[in-house]
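As a plain string of letters, each chain reads:
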Amino acid sequence: MNLKANRRQFLIGSATALAGGLAMPAMARAETKSISVNSWGGSWLDSARASLFDPFTAETGIKIETVSPVSFAKLAAQVKTGVYEFDVTTLGAAELLRANRSGLLEDLQEPYPGGLLQNGVGSHAFGTLMGWRSDKYGTEPKSWADFWDVERFPGTRSLQRYPARVLPIALLADGVAKKDLYPLDVDRAFASLDRIKKHIVVWWTAGEQSAQILRDGEVDMIGIWNSRYFAAQDAGSPVAMTWNECILDKAYWVVAKGTPNVDAAKAFVKFATLPKPLAGFTTAQQDGPLNPAALHLIDPAQAERMPTNTRYADLVVSQDIENFGIDPAELSERFEEWILS
């Protein structure tokens, strides 16, 4: 029996295969030699190539080309013009809703329970958590309310210049319960931000920047992605963190509407969210897999660093973009005006 050929058919050739309901006709299978994936580049691309792209090619014979960086504008333009630079990309939840409402995405099927949102298949998540210099504080802060409490916890602060993550933090700091966070009370959030603004010495804009200012002691307390926090910890810096009230952001694979490589693209999305490939990718990135079955394949010590670990389920807060309370574009404009005021 030719196992490799059979595995190819499993992925892209039959109605009962991995791409169930998305099988390619024989002619399309013969003609589809490659697909293009919109990539973030850098370490993300290295991880994706090792755990997702190369294994998919080995299984199907379909090569994967990449184009960077990820661009919503390019997704919209190519669907409008019919000239496709890429077939597949990842989107955050806000961009996902916008793209789906604008008719930019192919219909997808749910590959695992709870794995589909607005024609995006859940891939992985990262968290914005509170980290601090352990050589600064004898008593450890426990919540964003403590981050805001500059009397008990004096020192410099830093947050990301990204309102969709910062406003929920501001509301939690103001006493809003996790279950009542969405829809966001935008006016209350900005009033809360007014109280901490003068203590924010850096509004960071890049992940490596956040890790560096924590490592170097430029700031005493920070809202930081989990992977960047652990980079600072692994560098030997005296730092500590809490998973409590960590804000979870999710990333979704999508297929561009009308792409001529639609079936192969859908097959790749299915493959990329299978437990084994996803476990490898998220381990390399220190993100958390959204397919729960992937967690069982990850070393427990590594899983401790992942915000989707079931141990943290009662501590973290998932963004609810479908019930956000304000258009993300409108929020970004208001936030930038507030920053500069």
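You'll find the structure just up there.
Here's a quick rundown of the structure. Computed from a predicted structure; not experimentally measured.

Reading the values: rules and limits
- Residues numbered from 1 in each chain as written.
- Predicted model: local features only at pLDDT ≥ 70, side-chain atom pairs only at ≥ 80, totals over all residues.
- Heavy atoms only, no water.
- Patch = residues over 30% accessible without salt bridge, like charges linked within 9 Å, V, L, I, M, F, W, Y side chains within 5 Å.
- Areas by Shrake-Rupley, 256 points an atom, 1.4 Å probe, with all protein chains shown as cover.
- Salt bridge = Lys/Arg side-chain N within 4 Å of Asp/Glu carboxyl O.
- Lys, Arg positive; Asp, Glu negative; His and termini not counted.
- Charge placed at Lys NZ, Arg CZ, Asp CG, Glu CD.
- Helix = DSSP H or I, 4+ residues; strand = E, 2+ residues; numbered from the N terminus.
- Phe/Tyr/Trp six-rings, centres within 6.5 Å; stacked < 30°, edge-to-face > 60°.
- Buried < 20%, exposed > 50% of the residue type's maximum accessible area, 1.4 Å probe, protein only.
- Lys NZ or Arg CZ within 6 Å of the ring centre and 35° of its normal.
- Axes fitted to C-alpha atoms, helices over the stretch in contact; angles between N-to-C directions.
- Parallel < 35°, antiparallel > 145°, perpendicular 65-115°, else oblique.
- Left-handed = near helix turned anticlockwise from the far one by under 90°.
- Contact = heavy atoms within 4.5 Å.
- Nonpolar A, V, L, I, M, F, W, Y, C, P; charged D, E, K, R; others polar.
- Core = buried A, V, L, I, M, F, W, Y, C linked by side-chain atoms within 4.5 Å.

## Overview of a negative patch on the surface
Piece 1. Residues Asp327, Glu330, Glu333 and Glu337 make up a contiguous surface patch of negative charge.
Piece 2. If you trace the backbone, aspartate 327 turns up in the loop between β11 (317–318) and α15 (328–340).

## Some points on the packing of aromatic side chains
Piece 1. Tallied over the full model, the rule gives 19 aromatic pairs.
Piece 2. A ring pair is formed by phenylalanine 56 and phenylalanine 268, whose centres lie 5.4 Å apart and whose planes are at 80°; its orientation type is edge-to-face. Taken together, the residues span a long stretch of sequence, with phenylalanine 56 in helix α3 (residues 42–60) and phenylalanine 268 in helix α11 (residues 262–272) at a distance of 212 residues. The burial state of phenylalanine 56 is the same as that of phenylalanine 268; both residues are buried.
Piece 3. Among the aromatic side chains, those forming a connected cluster through ring pairs are Trp44, Phe53, Phe56, Trp253, Phe268, Phe271 and Phe281.
Piece 4. A cation over a ring is seen here: arginine 157 above phenylalanine 147, with NZ or CZ 5.5 Å from the ring centre.

## With respect to the packing of helix α8 (residues 186–196) against α15
Piece 1. Between α8 and α15, the least distance of the axes is 12 Å, while the angle of their chain directions is 25°. By the criterion of interaxial angle, the relationship of α8 to α15 is roughly parallel. Considering how the two elements wind past one another, α8 and α15 form a crossing that is right-handed. Contact residues: α8 offers Val186, Asp187, Phe190, Leu193 and Asp194, while α15 offers Leu331, Arg334, Phe335 and Trp338.
Piece 2. Its residues assigned to classes, the contact of α8 with α15 shows 6 nonpolar, no polar and 3 charged.

## Looking at the nonpolar core
Piece 1. In terms of nonpolar packing, the biggest core is built from 55 residues, with Leu75, Phe147, Trp148, Leu167, Leu193 and Phe335 touching the most fellow members.
Piece 2. Take this core: its biggest share by element is 8 residues, from helix α7 (residues 163–173).
Piece 3. Ignoring sequence-local partners within four residues, the contact set of phenylalanine 335 consists of Arg161, Tyr162, Pro163, Val166, Leu167, Phe190, Leu193 and Trp203.

## Some words on helix α12 (residues 275–285)
Piece 1. Among the residues making up α12, those that are buried are Pro277, Leu278, Ala279, Phe281, Thr282 and Gln285.
Piece 2. Buried residues along α12 sit against α3, β5 (120–133), α10 (226–234), α11, β10 (288–289) and α13 (292–295).

## Let's talk about unusual backbone geometry
Piece 1. Serine 68 connects to proline 69 through a cis peptide bond whose omega is -5°.
Piece 2. Relative to the helices and strands, proline 69 is located in the loop between β2 (63–67) and α4 (72–81).
Piece 3. Proline 183 follows tyrosine 182 through a cis peptide bond whose omega is 0°.
Piece 4. If you trace the backbone, proline 183 turns up in the loop between α7 and α8.
Piece 5. Positive phi outside glycine occurs at glutamine 118, with the angle close to 50°.
Piece 6. Tracing the chain through its elements places glutamine 118 in the loop between β4 (116–117) and β5.

Bear in mind that shape data such as this cannot, by itself, settle questions of function.
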